[in-house]
Amino acid sequence: MEILNYAFMQRALIAALIVGVTAPAIGIYLVQRRQALMGDGIGHVALTGVGLGFLLNTSPIWVATAVAIAGSVVMELIRWYGKTRGDLALAMLFYGGMAGGVMLMNLSEAGSNANLGTYLFGSITTVSPQDMTTIYVLAALVLAITIGLRRQLFAVCQDEEFARVTGLPVRLLNLLVAVTAAVTVTVAMRVVGLLLVSALMVIPVAAAQQISRSFAVTFSVAVAIGVAVTLTGTATSYYVDVPSGATIVLFAIGLFIVFTGLAAPLAKKRARAAAEASKRCTLEVPGDRTATDDVSVAR
């Protein structure tokens, strides 16, 4: 294949594969917690880290990771203690992160509007070998947490009170989910961009939920969808010369529509199977039963 003859496209496909796995892997917990837009908020904050990286003439990804983690911790603290003013504080954090990133990018000598666009909307063909090393390390951390602690994270995201009663460190695990989401945002920002990364966390999970009911199946299907759309979107962006981030997200939305169309027939099939199973489990009394068949208890 022609696409594999170029080193930059080899890196692009590997990065797309990694993002396709990691984004739904943490996204399933965010969806379970009803925080589907958390990735979008972290992306706004991470932009400040990108601008700061250019200003300090250092790796934007590592600086963005540190800033995104700090922002995710602040978001969790606001969620715990913000109460009625929490939404206003989060809005100020998100908009401040975006404004700070734009300002720092323009103050730096190496920064420009073109560089800003690659981080906002993704530019997968510009992924460098140094970026790949960072992506490997961060992705390994994300997968170790999302898979290794899946039972504990699922319990906390499903029912915090029940998890607290069972002795799980609820606040620590919630904080771990937020930090892992922040790391995932910085992993994916070169592939789909900071403004679209939340879509790759949420849409594959939402599509998988249309056809599955168990957590394990939903997790596996969501990751498969993530890998499919990132690889297909990256290849399409190469051959058609369109933005990779937007292409990947549109493919994901397309699959969501397809899976939604399949949901109704699958639900009817499950209902018929359940009805047949209940009939097989029903105990029927024979019509020729006599009084001698009764069981009596001796006193």
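Residues numbered from 1 in each chain as written. Predicted model: local features only at pLDDT ≥ 70, side-chain atom pairs only at ≥ 80, totals over all residues. Heavy atoms only, no water.

Caption draft 1: Expanded view of the packing of aromatic side chains. Here the structure, examined in full by the defined rule, presents four aromatic pairs. Note on Y29 and F215: the rings are 5.8 Å apart at their centroids and 45° apart in plane angle, and the pair reads as tilted. Taken as a pair, Y29 in helix α1 (residues 7–32) and F215 in helix α11 (residues 215–240) lie far apart in primary sequence, 186 residues in all. Judged by relative accessible area, which is 1%, Y29 ranks as buried. (Phe/Tyr/Trp six-rings, centres within 6.5 Å; stacked < 30°, edge-to-face > 60°. Helix = DSSP H or I, 4+ residues; strand = E, 2+ residues; numbered from the N terminus. Buried < 20%, exposed > 50% of the residue type's maximum accessible area, 1.4 Å probe, protein only.)

Caption draft 2: Geometry of the side chain of T134. Within the fold, T134 resides in helix α6 (residues 129–148). Taking the relative accessible area as the measure of exposure, T134 reaches 6% and is therefore buried. Apart from residues no more than four positions distant in its own chain, T134 is found in contact with I61 and W62. (Contact = heavy atoms within 4.5 Å.)

Caption draft 3: View of the packing of helix α7 (residues 150–158) against helix α9 (residues 170–188). With their axes 10 Å apart at the nearest point, α7 and α9 run at an angle of 100° to one another. In this view, α7 runs roughly perpendicular relative to α9, as classed from their interaxial angle. Residues Q152, L153 and V156 of α7 pack against V170, L173, N174 and V177 of α9. Among the residues making up the contact of α7 with α9, the classes are represented as five nonpolar, two polar and no charged. (Axes fitted to C-alpha atoms, helices over the stretch in contact; angles between N-to-C directions. Parallel < 35°, antiparallel > 145°, perpendicular 65-115°, else oblique. Nonpolar A, V, L, I, M, F, W, Y, C, P; charged D, E, K, R; others polar.)

Caption draft 4: Structural context of the pattern of salt bridges. Under the defined criterion, the tally for this structure stands at two salt bridges. One salt bridge connects E76 with R33, and the closest N-O pair in it is separated by 3.1 Å. Of this pair, E76 sits in helix α3 (residues 60–81) while R33 sits in the loop between α1 and α2 (38–55); the two residues are 43 residues apart in sequence, bridging distant segments of the chain. Residue class for E76 comes out buried when judged on its relative accessible area of 1%. On the accessibility criterion, R33 (12% relative accessible area) is buried. Two residues, R164 and E161, come together in a salt bridge whose shortest N-O distance is 3.1 Å. With R164 and E161 both in helix α8 (residues 160–165) and three residues apart, the pair spans about one turn of that helix. R164 sits in the partly exposed class, given a relative accessible area of 40%. The exposed category is assigned to E161, whose relative accessible area is 53%. (Salt bridge = Lys/Arg side-chain N within 4 Å of Asp/Glu carboxyl O.)

Caption draft 5: A look at unusual backbone geometry. At N57, a residue that is not glycine, the phi angle is positive and equals roughly 55°. Note on placement: N57 falls in the loop between α2 and α3. For D241, which is not glycine, the phi torsion reads 60° and is therefore positive. Among the secondary structure elements, D241 is positioned in the loop between α11 and α12 (244–280). In this structure D241 comes out as exposed when scored by relative accessible area, which is 70%.

Caption draft 6: Just the nonpolar core, in detail. In terms of nonpolar packing, the biggest core is built from 81 residues, with Y29, I42, V50 and M201 touching the most fellow members. Per-element tally for this core: the top contributor is α1, with 14 residues. Beyond its immediate sequence surroundings of up to four residues, M201 is in contact with A23, P24, I26, G27, L30, G39, A181, T184 and V185. (Core = buried A, V, L, I, M, F, W, Y, C linked by side-chain atoms within 4.5 Å.)

Caption draft 7: Up close: the side chain of T234. Looking at the secondary structure, you find T234 in helix α11. Of note is the side chain of T234, whose polar atom sits 2.7 Å from the backbone oxygen of T230. T234 has contacts with M9, A12, L13, A16, I124 and I248, leaving out every residue within four places of it along the chain. (Polar contact = N/O pair within 3.5 Å; in protein donor to acceptor, adjacent residues only side chain to side chain.)

Caption draft 8: Representation of α9 within the structure. For α9, built from 19 residues, the straight-helix expectation of 27 Å at 1.5 Å per residue is met to within 8% by its first-to-last C-alpha distance of 27 Å. Burial analysis of α9 places 15 of its 19 residues in the buried class, the great majority of the element. (Expected span 1.5 Å × (residues − 1).)

Caption draft 9: View of a nonpolar patch on the surface. A cluster of nonpolar side chains, I14, W62, Y136 and V137, forms an exposed patch at the surface whose accessible area comes to about 380 Å². Of note, W62 is situated in helix α3. Look at W62 and you get partly exposed, because its relative accessible area is 41%. (Patch = residues over 30% accessible without salt bridge, like charges linked within 9 Å, V, L, I, M, F, W, Y side chains within 5 Å. Areas by Shrake-Rupley, 256 points an atom, 1.4 Å probe, with all protein chains shown as cover.)

Caption draft 10: Geometry of the environment of Q35. The topology assignment puts Q35 in the loop between α1 and α2. The class for Q35 is buried, based on a relative accessible area of 15%. Taking the C-alpha atoms as reference points, Q35 and V202, 167 residues apart in sequence, are found 9.6 Å from one another. For Q35, the contacting residues outside a window of four places in its chain are L30, E76 and R79.

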